[in-house]
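# Observations on the three-dimensional arrangement
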Amino acid sequence: MTLDIQRAGQIDQASLFHPFTWVEDLKREGPNVITEGKGVRVKDIHGNEYLDGMAGLWCVNLGYGCQEVVDAIAAQSERLSFFHAFNGMSTDVVIECADELLKRAPVPMSRVFFGASGSDANETQIKLIWYYNNLLGRPKKKKIIARWNAYHGSGVLTSSLTGLPGMHNLFDLPIGPILHVTAPHHYRKAAEGQSEREFSRALAAELEELIAREGADTIAAFFAEPVMGAGGLIAPPEGYFEEIVPILRRHDILLVLDEVVSGFGRLGTYWGSQTINVEPDLITAAKGVTSGYFPMSACFISPKLWEVFEAEAPRAGVFAHGYTYSAHPVGAAAALAALKAIDDKKVVENVAEVGPYLHQAMRNAFADDPIVGEIRGIGLMIGIELVKNKATKEPFPASDRVGRRVLQAAAQKGLITRALGDTLVFAPPLVINKSEIDELVQKFKAAVDAVRPELG
Ligand code: PMP
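Just so we're clear, the structure is a prediction, and the values are computed from it rather than from any experiment. (Residues numbered from 1 in each chain as written. Predicted model: local features only at pLDDT ≥ 70, side-chain atom pairs only at ≥ 80, totals over all residues.)

Helix and strand counts for the chain stand at 16 helices and 15 strands. In terms of C-alpha radius of gyration, the chain reaches 22 Å, essentially the compact-globule figure of 23 Å for 456 residues. Dimensions of the chain, computed from C-alpha atoms along their principal axes, come out at roughly 70 × 60 × 45 Å. Out of the 456 residues belonging to the chain, those deemed buried represent 47%. (Helix = DSSP H or I, 4+ residues; strand = E, 2+ residues; numbered from the N terminus. Rg over C-alpha atoms; globule rule 2.2 N^0.38 Å. Buried ≥ 20, exposed ≤ 12 C-beta atoms within 10 Å, placed from the backbone.)

Around the ligand sit 16 residues, and of these Ser 117, Gly 118, Ser 119, Gly 153 and Val 260 come closest. For the shell around the ligand, the per-class residue count stands at six nonpolar, eight polar and two charged. (Near = placed C-beta within 6 Å. Nonpolar A, V, L, I, M, F, W, Y, C, P; charged D, E, K, R; others polar.)

Next up on the list: the environment of Lys 346. You can see Lys 346 is positioned in the loop between α13 (329–344) and α14 (347–366). Overall, the presence of 13 C-beta atoms within 10 Å leaves Lys 346 in the partly exposed class. Between the alpha carbons of Lys 346 and Val 431 there is a distance of 8.9 Å; along the sequence they are 85 residues apart.

Now for the environment of His 84. By secondary structure assignment, the location of His 84 is in the loop between α4 (67–79) and α5 (92–104). As for His 84 and Thr 324, which are separated by 240 residues in sequence, their C-alpha atoms are 6.7 Å apart. When sequence neighbours within four positions are dropped, the list of residues in contact with His 84 reads Met 89, Thr 324 and Ala 327. (Contact = placed C-beta atoms within 7 Å.)

Many structure descriptions define interface size as the accessible area lost when the parts assemble. When cut into domains, the chain gives domain 1 (32–62 + 346–455) and domain 2 (68–344). Each of domain 1 and domain 2 was reduced to a C-alpha centroid, and the two centroids are 27 Å apart. Domain 1 puts 25 residues into the contact, and the matching count from domain 2 is 24 residues. Among the secondary structure elements, those contributing two or more residues to the side of domain 1 that touches domain 2 are α3 (55–58), α14, β11 (372–378), β12 (381–386) and β15 (423–426). Considering each element in turn, the side of domain 1 that touches domain 2 owes the most residues, five residues, to α14. Taken together, the residues of the side of domain 1 that touches domain 2 sort by class into 15 nonpolar, seven polar and three charged. (Domains from an automatic or database assignment.)

The next point concerns the sheet that holds strand β10 (residues 297–301). Strands sit in the order β4-β10-β9-β8-β7-β5-β6 across an open sheet of seven strands; the sheet is mixed. Edge strands, defined here as strands with exactly one partner in the open sheet, are β4 (111–115) and β6 (178–181). Taking each pair of neighbouring strands and ignoring which way they run, the sheet shows an average axis angle of 20°. As judged from the four bridges shared by strand β5 (residues 143–147) and β6, these two strands associate in the parallel manner. Residue pairing for β6: Arg 147 is matched across the bridge by Val 181. (Pairing = 2+ DSSP bridges. Axes fitted to C-alpha atoms, helices over the stretch in contact; angles between N-to-C directions.)

Taking 1.5 Å of rise per residue, the 13 residues of α4 would be expected to cover 18 Å, and the 18 Å separating its terminal C-alpha atoms lies within 8% of that figure. All buried positions along α4 are accounted for by Val 69, Ala 72 and Gln 76. When α4 is viewed along its axis, its buried side chains cluster within an angular range of 60° and face the same direction. Away from its buried face by more than 90 degrees, α4 exposes Gln 67, Asp 71, Ala 74, Ala 75 and Glu 78. Of the surrounding elements, those touching the buried residues of α4 are α5 and α13. (Expected span 1.5 Å × (residues − 1). Arc of directions from axis to C-beta.)

Counting buried positions along β12 gives six out of six residues, so the element sits mostly inside the fold. With burial as the criterion, each face of β12 is covered, one bearing Met 381, Gly 383 and Glu 385 and the other bearing Ile 382, Ile 384 and Leu 386. Taken together, the six bridges between β11 and β12 define a ladder with antiparallel strand orientation. Looking at the pairing, Arg 376 lines up with Gly 383 of β12. Counted between consecutive antiparallel strands, the loop separating β11 from β12 contains two residues, among which Gly 379 sits at a positive phi close to 60°. In this sheet, β15 lies alongside β12 in antiparallel orientation, the contact comprising four bridges. Note on β15: the bridge partner recorded for Glu 385 is Thr 423.

Here you go:
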């Protein structure tokens, strides 16, 4: 490394426009510069070690330094560093990768379409859905329903789909025929005394009303993450998908499951759809497909859509969509190695075992804590919402930035978490073991305890 350690922070600030970063925080504190990683741990430029409770950004499922993936990337880069899949071109590894992915799909799927990120994959899904309805001669059936608090990406349309006002306000979004419904957030959105099941029924009624108001002939699809991630880590309340999915089916509205985070084991099943027991028409995968070792995404297309594409396309003309990196051979080699490692290391089985262990350990540590309002999530996705008053659920004033302060205290203790407002979340590498989970919980408790005296 040639970078001057002392000046790294200054050079960063003089050169890099950081995603999702408050300029003032960065100016005051400088960047935290990470330089290496192994297993569930990373090191910063000063040699401090952290347990990475977020697997990077919910993606490094196999942990850092997974040799099989590293070697596959190196070998493929040397053999064939790039070729594309436009105009019927293909590469051997991409063919194998598509086949291996289809074999692992939770329901029969006909094709995969590759991209480089979750955002571009969800943009592709929207276009596939519009293409489908155009081919079927239903030009009005184009609106897409998403939920408030959803995260589906940072593109213009996928930010619009995303249900976070912070991602809309300064960008003149949302645009496009996009509708939002209430987030399935029982803790924050249910009426006083409403059970989870009753809340799910109320959300189903809201959806039904929206469809009636807009007209089913104008609504094309419904997007959902099995467990909402970046919008606050929200697991569906009891009966939610059971209530929602029949309504979609009745009105011929496609269901897109955004499995960018939940795919490849995070919830303790290979796919999130298996945890929530839902059969999607389209699946979006990214992140875990290469364990974050290479930017890659995949849209899974069900026979229902594919049969229409195949039957109608000859008359419609070329499928005029794709990215330079739609089928990158190095990404495919990384994915093939990652998929094999997920099987060989029994990663999904590990999550099924250590996921409940993490939830129990967090509950044991915080059961009676007066500022822990709710602990929620499934598998290796967990959120701990801090509140000023546990009985009334009153939040801390946003300006106190309690979540961020806990995040910083955790970093000082060698633990990386993420603050979604005052909900601290963890989505560690899926290879984490029980003793590392004990360490995560103990460090997190120490961080909360360090901030507690300042909270009055
Ligand atoms: N969907 C979900 C559920 C996500 O969590 C993310 C990213 N966190 C995306 C889509 C977008 O993926 P990317 O950042 O790779 O574009």
